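Residue-level structural notes
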Amino acid sequence: MEERAFVALLVISSLIVLAENTDHKNAIEIYSLHVESTVTSRFAHTVITSRLVNKVNESQEAVFEVELPKTAFITNFSMSIDGETYPGTIKEKASAQEQYDIAVSHGQSAGLVKTTGRKLEQFHVSVNVASDSKVTFELIYEELLKRQLGRYELLFKVRPKQLVKHFQIDVHIFEPQGINFLETDSTFMTNELTEALTKVQNETKAHILFKPTIVQQKKSPELEETLLDGDFIIRYDVKRSVSAGDIQIVNGYFVHYFAPNEMPTFPKNVIFVVDQSGSMSGRKIEQTRDALLKILEDLRPEDHFSLITFNSLVTEWKNTLLQATGQNVESAKRYVKTVMARGGTDINNALLTAANTLDKANYAEILQAHSISMIILLTDGQPTVGVQDVEIIQQNIQKAIKGKYVLYCLGFGFDVSYKFLEKMALDNGGIARRIYEDSDSDLQLQSFYQEVATPILKDIEIQYPENSILELTQNSFKLFFDGSEIVVAGRIDNELDVLPVEIQAQSHTSNLIFKEEANVREKEKVFQHQKYIFGNFIERLWAYLTIQQLLEKSISAQEEQQKNMQVARALELSMKYSFVTPLTSMVVTKPDDQQKLQLANKPAESDNEKSRFTGFSVRSDRYFLVSQARDYIQRVPKTVFRTVQTTPQLLTNEYPHFLFQLPRQNDVICLNIDGQPQAYINLISDRAKGISVTGKLGRNRNHFVLFEITNLDPHVQLHVSKEGTVLSYGGHTTKLPWKKSASSTIQGLKIAVEKERSLTMSASDNITIKIAFVKSPNRFLGLYFMDTDHFSDKASGLLGQFYFDTHLESNPGASQGEDERVLSVHGQKHRVTRKYKKDYRLESATGTISCWSLYITP
């Protein structure tokens, strides 16, 4: 029998070694794991190489999972088995998806890349490894390190889950400007592990090597358990002065870094617009209050500020902006402490009020002439009161702001539409950021504020010789904040010997002009014969930056033609430089079967809402369905009922899609659905009980292959598939495979898996949800409910509608010899016929049940 052994590698989230026989734990041995990262002028090129061997006398499935930074682009992947190499190939996304869809019909396939946290996304590939065989995985990715709060950060997540004979993280840094400071940090470092860390640094170069022996990796001499479990971080900054910055040139491409320091800070006029709707109740509103109290303390005396809170109504702390004096700050803090969560969400009116308040303050000349005005929005959900069409809201806010102010949008949690916030922020000169629901959410809010708290330049224009620079990236910027960095790249005409640059900007005290000249040949000599250099790195940096900016511009593009041109150019560059971007995919052919493909798609931040388990997200002010497979909010249309006739798809004794008993009645309904393959269907949502369930039909539409269950209190989500269950709670996930029994109780909510049979979710005084795992003739999932009299009259969805005001009646017009009834659903009459169907609720594959058959189209 083939067993499945999950091998946890570097930068991996919670991965469990699964094996029925404990003797086969670590049957797949990682004997070498190397991370080599080269950082040249902020551009990082990282290669992860893992070598494994199958030590047992039967084949094993090795799973290679790596968490890489969200800002990185994968550039290459390969796996080598016994000397045979299987490379990944990068294709245009639509073409790759078509190839993948064809392969799916021939065998198992799985998505490779998904978002896993605030800064990381996960790469995943699996392969069968024969007995005594060796496999080598190699993944390469590149990223431009972004300067935030005065430092660059290189992050590796280390979690091999076993002792590794040859383990090392080897990082080389070369910064021609000079290294100002460098530090390493780790969440797992001990005195013994510190001895395995070496740092060598001179004026422009640094070498960090972390190479622990097996003895140093052990938790204790007696245990074969590893200490390597957590983050390994390198932080540094470069030397700089008040000048036009630093220009670096390699093979006809240049990059220009500009980050002046020691400049006066502009006074700010900031309005905090804070969601206090019902969905913000509990920990969210507490953390928001805590963060605001700290942020108010950080306001400078010359700043002006105000507070607007909103739910169904918009409330202003004051009807104007006040200077951040000690007295005014204390008054605002008292107001913040009274903010409570309740009601709906009127985002449109709240932001219009903020823009109007700034307009009035400007008109009354309350604000300083040379100051920066900004609006910071914090919300956790969709608009539910007032204007609810997000496109109209975006248009309204853009018209109100008119480029005069900057809008920053913070989305709290995963119920919010990130795409909505991102476009609205970009349209108004700002950015969007997700605030993750965690114990440090208040610190995340404070950290964001610190990034935008110190504007030191505005209206920055960076000018180069017009006829000598080609394909220039963005070179004009509305604001520059202390501790950040402006990066511009482009291609130089071959005949240019000297590259002049002129920067015009406005500081708080004066208009500034910076000038610099870079000798092209002298600059190119800096990077000659350096072991730190990887190919044409500045050209790749230029392509990386161009793709990112084109994708960002396409979000806020006003004309469809313009957007299409930006996307087309970004796709062209992604293909040329072999980057896995939101427009491309990497296709990996599994060596055990040429028809089995795995597909790597780079997720966008907005995909977070979908990757955190599809289903109704229960809010106190609104319910809405987040579709995992699409970029839009899917709403369930009115159900169309049809009488079951004899069709090839509905044979006697087949398994129905659903079996359920009508509340307080003995009659059983067997329900079949004429739904779209692979489409998500809203099955039930009961806002009073805080439960929602969605499901997905398989490709042949015969059965359901996936269910998503969301429970509000406690907030638990279950992703149930033919492979097993993933339980999500409190920001953590746990895998519950079908191959063994397991159970977990969370605040009275019990989740239990019966080995290869069923999953049950139950709580006292609530509905019990069961999902049967049916293996014959083809594996599928069967959903049913127990204690259905606990459903409220608010239940909705394709199944939910049957759990109140539904009953069977006799059918006087039934055909002779036919056993027919009329099913009344909320007063609507539908003919049903008695049939005999297989009962997926029973362990026996031959068990049948007499039921009233109904056929519907969702």
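Read on for an overview of the structure. Fair warning: this is a prediction, and the values are worked out from it, not measured in the lab.

1. Side note on the overall build of the chain
Secondary structure assignment for the chain yields 13 helices and 52 strands. Across the 858 residues that make up the chain, the buried fraction comes to 56%. Considering only contacts within the chain whose residues lie at least 6 apart along the sequence, 67% involve residues at least 24 apart. With an accessible surface of roughly 36100 Å², the chain has 45% of that area assigned to carbon and sulfur atoms.

2. Here's the deal with the sheet that holds strand S16 (residues 246-250)
On the basis of which strands lie adjacent, the open sheet formed by 4 strands has the order S16-S17-S28-S26 and antiparallel pairing. Edge positions in the sheet fall to S16 and strand S26 (469-470), since each has one partner strand and no second. Contacts between helix H11 (residues 537-556) and the sheet are confined to S16, strand S17 (253-258) and strand S28 (486-492), with S17 contributing the most and set at about 65° to the helix.

3. Examining the state of the cysteines
For the structure shown, the criterion picks out 1 disulfide. Put simply, Cys670 and Cys851 are joined by a disulfide, and their sulfur atoms are 2.2 Å apart. Because the sign of the S-S torsion sets the handedness, a value of about 85° for the bond joining Cys670 and Cys851 places this disulfide among the right-handed ones. Taken as a pair, Cys670 in strand S37 (residues 668-673) and Cys851 in strand S52 (residues 848-857) lie far apart in primary sequence, 181 residues in all.

4. Focus: the nonpolar core
Counting residues in hydrophobic clusters, the biggest one holds 58 residues, and the most contacted among them are Phe658, Val693, Ile751, Leu783 and Phe785. Not counting residues within four places of it along the chain, the set of residues in contact with Leu783 comprises Phe658, Leu659, Leu683, Val693, Phe707, Ile769, Lys770, Ile771, Leu799 and Tyr840.

5. Some thoughts on the pattern of salt bridges
Enumeration over the complete set of coordinates arrives at 35 salt bridges. Close ionic contact of Glu142 with Arg540 constitutes a salt bridge, the shortest N to O distance being 2.8 Å. Note that Glu142 is positioned in strand S9 (residues 134-144) and Arg540 in helix H11, a separation of 398 residues in sequence. Looking at Arg540, the relative accessible area reads 17%, which means it is buried. Residues Asp246 and Lys523 are paired through a salt bridge, measuring 3.8 Å at the closest nitrogen-oxygen approach. Separated by 277 residues along the polypeptide, Asp246 in strand S16 and Lys523 in helix H10 (residues 520-525) bring together distant segments of the chain. On the basis of relative accessible area, Asp246 is assigned to the buried category, the value being 14%. Relative accessible area serves as the criterion here: at 24%, Lys523 is assigned to the partly exposed category. Among the ionic contacts, a cluster of salt bridges with common partners joins Arg42, Arg147, Glu175, Asp237, Arg240 and Glu485.

6. Focus: helix H8 (residues 418-427)
By the criterion of burial, H8 is predominantly enclosed, with 8 of the 10 residues buried. Taken residue by residue, H8 has Tyr418, Phe420, Leu421, Lys423, Met424, Ala425, Leu426 and Asp427 as its buried positions. Positive phi shows up at Gly429, right after H8, with a value of about 75°.

Criteria and thresholds
Residues numbered from 1 in each chain as written. Predicted model: local features only at pLDDT ≥ 70, side-chain atom pairs only at ≥ 80, totals over all residues. Heavy atoms only, no water. Helix = DSSP H or I, 4+ residues; strand = E, 2+ residues; numbered from the N terminus. Buried < 20%, exposed > 50% of the residue type's maximum accessible area, 1.4 Å probe, protein only. Contact = heavy atoms within 4.5 Å. Areas by Shrake-Rupley, 256 points an atom, 1.4 Å probe, with all protein chains shown as cover. Pairing = 2+ DSSP bridges. Axes fitted to C-alpha atoms, helices over the stretch in contact; angles between N-to-C directions. Disulfide = S-S within 2.5 Å. Core = buried A, V, L, I, M, F, W, Y, C linked by side-chain atoms within 4.5 Å. Salt bridge = Lys/Arg side-chain N within 4 Å of Asp/Glu carboxyl O.

Remember, this is a structural readout, not a statement about activity or role.
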